[in-house]
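So you can see what is in the structure, the chains are spelled out below.
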Amino acid sequence: MDSKMIYARLNKVFRDVFDDDSITVTPKTTANDIEDWDSLEHITLIAAVEKEFKMKFKMGEISSMKNVGEMANIVSARGK
């Protein structure tokens, strides 16, 4: 799957999780860029991304992700 498709699907997930249709994620998007992105919403977001892409993040991946670009890279590496 190409990165354009991954970001399109991530945008949908982020908009659903944060209930904000104005969100457009980029590789550099972080929790500081989205008002409601706190530790609880992060758990919801990770679960929603896993469901969307039918994959599971490893605990080390979750704790080391610094931005949406790193999330997209992991999704891309899994090839779904």
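Presented here is an overview of the structure given in this document. Everything numeric here is computed off the predicted structure, so don't read it as measured data.

**Re the overall build of the protein**
Link 1 in the chain: A tally of regular secondary structure across the protein gives four helices and zero strands.
Link 2 in the chain: If you list the helices and strands of the protein from N to C, you get α-α-α-α.
Link 3 in the chain: Against the globule reference of 12 Å for 80 residues, the protein gives a C-alpha radius of gyration of 11 Å, in line with a compact fold.
Link 4 in the chain: Across its three principal axes, the protein shows a C-alpha extent of roughly 30 × 25 × 20 Å.
Link 5 in the chain: In the protein, which comprises 80 residues, the proportion classed as buried is 38%.
Link 6 in the chain: Within the protein, residue pairs in contact and separated by at least 24 positions form 49% of the contacts whose partners lie at least 6 positions apart.
Link 7 in the chain: Taken together, the 12 basic and 14 acidic charged side chains of the protein have centroids lying 11 Å from each other.

**Notes on unusual backbone geometry**
Most peptide bonds adopt trans geometry, and most residues besides glycine take a negative phi value.
Link 1 in the chain: You will see that Asp-19, though not glycine, has its phi angle at about 50°, which is positive.
Link 2 in the chain: When you line up the elements, Asp-19 lands in the loop between helix H1 (3-18) and helix H2 (39-53).
Link 3 in the chain: Asp-19 sits in the exposed class, given a relative accessible area of 71%.

**Re the side chain of Glu-50**
Link 1 in the chain: By the secondary structure assignment, Glu-50 is in helix H2.
Link 2 in the chain: A polar atom in the side chain of Glu-50 sits 2.8 Å from the backbone nitrogen of Phe-57.
Link 3 in the chain: Here Glu-50 is in contact with Met-55, Lys-56 and Phe-57, once residues within four sequence places are set aside.

**What about the side chain of Asn-11?**
Link 1 in the chain: Assignment of secondary structure puts Asn-11 in helix H1.
Link 2 in the chain: Not counting residues up to four positions away in its chain, the partners in contact with Asn-11 are Ile-23, Thr-24 and Val-25.

**Quick notes on the packing of aromatic side chains**
One pair of aromatic rings is described through two measures. These are the centre distance and the angle between the planes.
Link 1 in the chain: Under the criterion given, the structure shown has three aromatic pairs.
Link 2 in the chain: Ring centres of Phe-14 and Phe-18 lie 6.0 Å apart, and the angle between their planes is 40°; on these two criteria the pair is classed as tilted. With Phe-14 and Phe-18 both in helix H1 and four residues apart, the pair spans about one turn of that helix. Side by side, Phe-14 and Phe-18 carry an identical accessibility label, which is buried.
Link 3 in the chain: Relative to Trp-37, the ring of Phe-14 lies with its centre 5.4 Å away and its plane at 75°, an arrangement referred to as edge-to-face.

**So, a negative patch on the surface**
Link 1 in the chain: There is a patch of like negative charges on the surface, built from Asp-19, Asp-20, Asp-21, Glu-35, Asp-36 and Asp-38.
Link 2 in the chain: On the secondary structure map, Glu-35 appears in the loop between H1 and H2.
Link 3 in the chain: For Glu-35, a relative accessible area of 82% gives the class exposed.

**Description of the nonpolar core**
Link 1 in the chain: Leu-10, Phe-14, Phe-18, Leu-45, Val-49, Phe-57 and Met-71 are the most contacted members of the largest nonpolar core, which totals 24 residues.
Link 2 in the chain: Looking at this core, the elements with two or more residues in it are H1, H2 and helix H4 (68-78).
Link 3 in the chain: The biggest single contributor to this core is H1, with seven residues.
Link 4 in the chain: Beyond its immediate stretch of four places on either side in the chain, Leu-10 contacts Val-25, Val-49, Phe-53, Val-68, Met-71 and Ala-72.

Calculation criteria
Residues numbered from 1 in each chain as written. Predicted model: local features only at pLDDT ≥ 70, side-chain atom pairs only at ≥ 80, totals over all residues. Heavy atoms only, no water. Helix = DSSP H or I, 4+ residues; strand = E, 2+ residues; numbered from the N terminus. Rg over C-alpha atoms; globule rule 2.2 N^0.38 Å. Buried < 20%, exposed > 50% of the residue type's maximum accessible area, 1.4 Å probe, protein only. Contact = heavy atoms within 4.5 Å. Lys, Arg positive; Asp, Glu negative; His and termini not counted. Charge placed at Lys NZ, Arg CZ, Asp CG, Glu CD. Polar contact = N/O pair within 3.5 Å; in protein donor to acceptor, adjacent residues only side chain to side chain. Phe/Tyr/Trp six-rings, centres within 6.5 Å; stacked < 30°, edge-to-face > 60°. Patch = residues over 30% accessible without salt bridge, like charges linked within 9 Å, V, L, I, M, F, W, Y side chains within 5 Å. Areas by Shrake-Rupley, 256 points an atom, 1.4 Å probe, with all protein chains shown as cover. Salt bridge = Lys/Arg side-chain N within 4 Å of Asp/Glu carboxyl O. Core = buried A, V, L, I, M, F, W, Y, C linked by side-chain atoms within 4.5 Å.

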